[in-house]
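# Observations on the model geometry
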Amino acid sequence: MKIYISTDIEGLAGITDWNMEKDDTIEFRKLYNQQVAWVLKGIQSSVNNDKITEILISDSHSKGNNLNYNYLSDIDERISLINGYPREDYMLSELNSSFDQVFFVGYHSGIGKENGNMDHGYSARSAYKIWINDAYQNETTINAAYAAELGIPVTLIIGDSSLQEQLFNDNMFSTPKFVSTKKSLARYAALSYPRKQIRLETINAAKEVIDNPEPYSKIKTLAEPLNLKIQLYNTAQADLINQLKDVKRLDGRTIEIQCSSMKELINEIIAVVTIGGTQA
């Protein structure tokens, strides 16, 4: 059995503002590594732990240089860790059909969610809203659709209350096990739940989905061909990205790209937001 863990930070407890990453880097990375470690503890407590041969972790926040390889390896020597940026498939680099389950840890709501703590889609500096086949999407639903294309279920999501509301109340993707880390109060404010509560809920949830993944293993695919629309942060970004082949400009800030697969679509998004970031 192989487990893939894609990690981000905006949906983690104790982190409410991107400034923390540069103003208090040591504490920021401690919070990030610690909450990922709780997931590993949960996997280890499963009755199926001995069947797991590989745990691949993708550090998928910003440039992906936040998780500590030695610290996490001391907890579980089966882990492999992906760091760095740019890279193919970004938040799901090296994911393939040999994996059995995918976990999303530290995920957050998409842009525009009321009271969504640090709400955004892939890049707060570049992308505003993202649609696939005219349906609004966030990072969770897009990444889950890519995993589904490979036939792998996303069984566990750990994130904030605004993501939970967006997925469940808006009927976007409500089948995975969900652990809420904090109550989102505003874009730069949140109420983080007690550490003991989050630790125990995280450990128990990871154990549960490894013990019995079936209730959480619905595959959510999107119909192909895929029409990708991205509303950029400003018109200068659209000016630049519109020079790329196969990009159609729909208005001052919105571009459209036709994609033949979720893998192609994911990498189109990453290219667009990276290029757009040069004009932020």
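Above: the structure in question.
Owing to the predicted nature of the structure, the values given are computational and were not obtained by experimental measurement.

Rules and cut-offs
- Residues numbered from 1 in each chain as written.
- Predicted model: local features only at pLDDT ≥ 70, side-chain atom pairs only at ≥ 80, totals over all residues.
- Heavy atoms only, no water.
- Helix = DSSP H or I, 4+ residues; strand = E, 2+ residues; numbered from the N terminus.
- Rg over C-alpha atoms; globule rule 2.2 N^0.38 Å.
- Contact = heavy atoms within 4.5 Å.
- Areas by Shrake-Rupley, 256 points an atom, 1.4 Å probe, with all protein chains shown as cover.
- Lys, Arg positive; Asp, Glu negative; His and termini not counted.
- Charge placed at Lys NZ, Arg CZ, Asp CG, Glu CD.
- Salt bridge = Lys/Arg side-chain N within 4 Å of Asp/Glu carboxyl O.
- Buried < 20%, exposed > 50% of the residue type's maximum accessible area, 1.4 Å probe, protein only.
- Phe/Tyr/Trp six-rings, centres within 6.5 Å; stacked < 30°, edge-to-face > 60°.
- Lys NZ or Arg CZ within 6 Å of the ring centre and 35° of its normal.
- Pairing = 2+ DSSP bridges.
- Expected span 1.5 Å × (residues − 1).
- Arc of directions from axis to C-beta.
- Core = buried A, V, L, I, M, F, W, Y, C linked by side-chain atoms within 4.5 Å.
- Axes fitted to C-alpha atoms, helices over the stretch in contact; angles between N-to-C directions.

### Some thoughts on the overall build of the protein
When its secondary structure is counted, the protein shows eight helices and 13 strands. Against the globule reference of 19 Å for 280 residues, the protein gives a C-alpha radius of gyration of 18 Å, in line with a compact fold. In terms of overall dimensions, the protein has C-alpha extents of about 55 × 40 × 35 Å along its principal axes. Contacts in the protein between residues at least 24 apart in sequence constitute 72% of all its contacts with a sequence separation of at least 6. Total accessible area computed for the protein in this model is approximately 11800 Å², and 46% of it derives from carbon and sulfur atoms. Charge separation in the protein, taken as the distance between the mean sites of 28 positive and 36 negative side-chain charges, equals 3 Å.

### Some details on the side chain of Ser-162
Here Ser-162 lies in helix H5 (residues 161–169). Aside from chain neighbours lying at most four places away, what touches Ser-162 is Ser-109, Lys-113, Gly-116, Asn-117 and Ser-184.

### A word on the environment of Ala-124
By the secondary structure assignment, Ala-124 is in the loop between strand S4 (101–107) and strand S5 (127–132). When the C-alpha atoms of Ala-124 and Asn-138 are compared, they prove to be 12 Å apart, with 14 residues separating the residues in sequence. Residues in contact with Ala-124, not counting those within four places in the same chain, are Trp-18, Arg-187 and Tyr-233.

### Considerations on the pattern of salt bridges
One pass over the structure, following the stated rule, counts 10 salt bridges. A salt bridge links Asp-89 to Lys-263; the nearest nitrogen and oxygen atoms lie 2.8 Å apart. Here Asp-89, found in the loop between strand S3 (79–82) and S4, pairs with Lys-263, found in helix H8 (residues 262–276); they are 174 residues apart in sequence, far enough to count as distant. The exposure class of Lys-263 is partly exposed, given its relative accessible area of 30%. Linking Arg-187 and Asp-119 is a salt bridge whose minimum nitrogen-to-oxygen distance equals 2.7 Å. Of this pair, Arg-187 sits in the loop between strand S9 (182–186) and strand S10 (189–192) while Asp-119 sits in the loop between S4 and S5, and the two are 68 residues apart along the sequence. Residue classification places Arg-187 among the partly exposed positions, given a relative accessible area of 28%. For Asp-119, a relative accessible area of 5% translates into the label buried.

### A closer look at the packing of aromatic side chains
Per the counting criterion, the structure on display carries six aromatic pairs. Taken together, a centroid distance of 6.1 Å and an interplanar angle of 85 degrees make the contact between Phe-168 and Phe-178 edge-to-face. Linking Phe-168 in helix H5 with Phe-178 in strand S8 (residues 177–180), this pair joins segments that are 10 residues apart in sequence. Between Lys-2 and the ring centre of Phe-99, over which it is positioned, the NZ or CZ distance is 4.4 Å. Above the plane of the ring of Tyr-128 lies Arg-253, whose end atom (NZ or CZ) is 5.5 Å from the centre.

### Details of the sheet that holds strand S12 (residues 248–249)
Pairing is antiparallel across the open sheet formed by five strands, whose spatial order is S6-S5-S11-S13-S12. Either end of the sheet is taken by a strand with one partner, and the two such strands are strand S6 (135–137) and S12.

### Structural notes on helix H6 (residues 195–211)
An ideal rise of 1.5 Å per residue puts 24 Å on 17 residues; H6 measures up with 24 Å between its terminal C-alpha atoms. For H6, every residue scored as buried is listed here: Ile-198, Thr-202, Ile-203, Ala-205, Ala-206, Val-209 and Ile-210. Viewed along the axis of H6, the buried residues span an arc of 165 degrees, placing them on a single side of the element. Residues of H6 that are buried in the fold lie against strand S1 (2–7), helix H2 (25–44), S4, strand S7 (154–159) and S8.

### Quick notes on the nonpolar core
Counting residues in each nonpolar core, the largest one holds 45 residues, and the members touching the most others are Tyr-122, Ile-142, Leu-228, Ile-230, Leu-265 and Ile-269. Every residue in contact with Leu-265, bar those within four places of it in the chain, is listed here: Ile-132, Ile-142, Leu-226, Leu-228 and Cys-259. By size, the runner-up hydrophobic cluster in this structure holds 33 residues, among which are Ile-55, Leu-67, Phe-103 and Val-209.

### Some points on the sheet that holds S7
On the basis of which strands lie adjacent, the open sheet formed by six strands has the order S3-S2-S1-S4-S7-S8 and parallel pairing. With partners counted over all chains shown, the strands left at the sheet margins are S3 and S8, one partner each. Taken pair by pair, the neighbouring strands of this sheet meet at an average axis angle of 15 degrees, ignoring direction. Direction of pairing for S1 relative to S4: parallel, over a ladder of five bridges. Counterpart to Ile-5 in the pairing with S4 is Phe-103. Taken strand by strand, helix H4 (residues 139–149) contacts S4 and S7, and its axis lies near 165 degrees from that of S4. Each of S4, S7 and S8 is contacted by H5, which is oriented at about 150 degrees to S8, the strand it contacts most.

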